[in-house]
Amino acid sequence: MLRLAATRHQAFGSKLRFNRLVRRLVDSPAALEIANLLPEGNERSNALQQIGWRWGRSDPKAAAEYFFNNPSSNDSYNNSLMNVLHNWANNDPQEVLAW
């Protein structure tokens with residue numbers, strides 16, 4: 001299903017529908033799988049940052065651990081980790097320090 005979603009995105013260029021799919025899966029590792037199927041570039045970076053932002057709001061520890069333990073050669077994961085940590089620190093600074 002994930003590859004099919006990425007293929008449909010590439011074939012039809014339906015950025016809006018593809019982004020809606022990613023948003024629906026944002027609290028799930030499946031969203032990361034879909035985002036990682038995208039070619040390097042702004043769209044992939046935006047998807048990863050959106051996933052980090054939303055996942056970080058629902059489960060900041062899990063999101064931070066994922067982005068910290070799965071570094072990438074590009075800035076997408078670093079930016080996502082920074083977003084997660086920033087939002088988490090604003091909401092619960094003591095828990096971030098303990099992490």
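Predicted, not measured: the structure shown is a model, and the values here were computed from it.

**Looking at helix H5 (residues 60-69)**
- For H5, every residue scored as buried is listed here: Pro-60, Ala-63, Ala-64 and Phe-67. Along the axis of H5, the buried residues cluster in a sector spanning 95 degrees; they form a single face.
- Tucked into the core, H5 has its buried residues touching helix H3 (29-37), helix H4 (42-58) and helix H6 (75-91).

**Description of the pattern of salt bridges**
- With the rule as written, the count across this model stands at one salt bridge.
- Notably, a salt bridge pairs Glu-40 with Arg-44, separated by 2.7 Å at the nearest N-O pair.
- Relative accessible area serves as the criterion here: at 12%, Arg-44 is assigned to the buried category.

**Section: the packing of H4 against H6**
- Taken N-terminus to C-terminus, the directions of H4 and H6 make an angle of 25 degrees; their axes are 8 Å apart at the nearest point. What the angle tells us is that H4 and H6 run roughly parallel. Crossing angle aside, the handedness with which H4 passes H6 is right-handed. Residues Ser-45, Leu-48, Gln-49, Gly-52, Trp-53 and Gly-56 of H4 form the contact with H6, whose own contacting residues are Ser-76, Tyr-77, Asn-79, Ser-80, Asn-83, Val-84 and Asn-87.

**Quick word on the environment of Ser-76**
- Relative to the assigned elements, Ser-76 resides in helix H6.
- When its relative accessible area of 6% is taken as the criterion, Ser-76 is described as buried.
- Leaving out residues up to four positions away in the same chain, Ser-76 has contacts with Ser-45, Leu-48 and Gln-49.

**Some details on the packing of H4 against H5**
- Two numbers describe how H4 lies on H5: the axes approach to 6 Å, and their chain directions differ by 140 degrees. Contact with H4, carried on its side by Leu-48, Gly-52, Trp-55, Gly-56, Arg-57 and Ser-58, involves Pro-60, Ala-62, Ala-63, Tyr-66 and Phe-67 of H5 and no other residues of that element.
- Broken down by class, the residue content of the contact of H4 with H5 amounts to seven nonpolar, three polar and one charged.

Conventions adopted
- Residues numbered from 1 in each chain as written.
- Predicted model: local features only at pLDDT ≥ 70, side-chain atom pairs only at ≥ 80, totals over all residues.
- Heavy atoms only, no water.
- Buried < 20%, exposed > 50% of the residue type's maximum accessible area, 1.4 Å probe, protein only.
- Helix = DSSP H or I, 4+ residues; strand = E, 2+ residues; numbered from the N terminus.
- Arc of directions from axis to C-beta.
- Contact = heavy atoms within 4.5 Å.
- Salt bridge = Lys/Arg side-chain N within 4 Å of Asp/Glu carboxyl O.
- Axes fitted to C-alpha atoms, helices over the stretch in contact; angles between N-to-C directions.
- Parallel < 35°, antiparallel > 145°, perpendicular 65-115°, else oblique.
- Left-handed = near helix turned anticlockwise from the far one by under 90°.
- Nonpolar A, V, L, I, M, F, W, Y, C, P; charged D, E, K, R; others polar.

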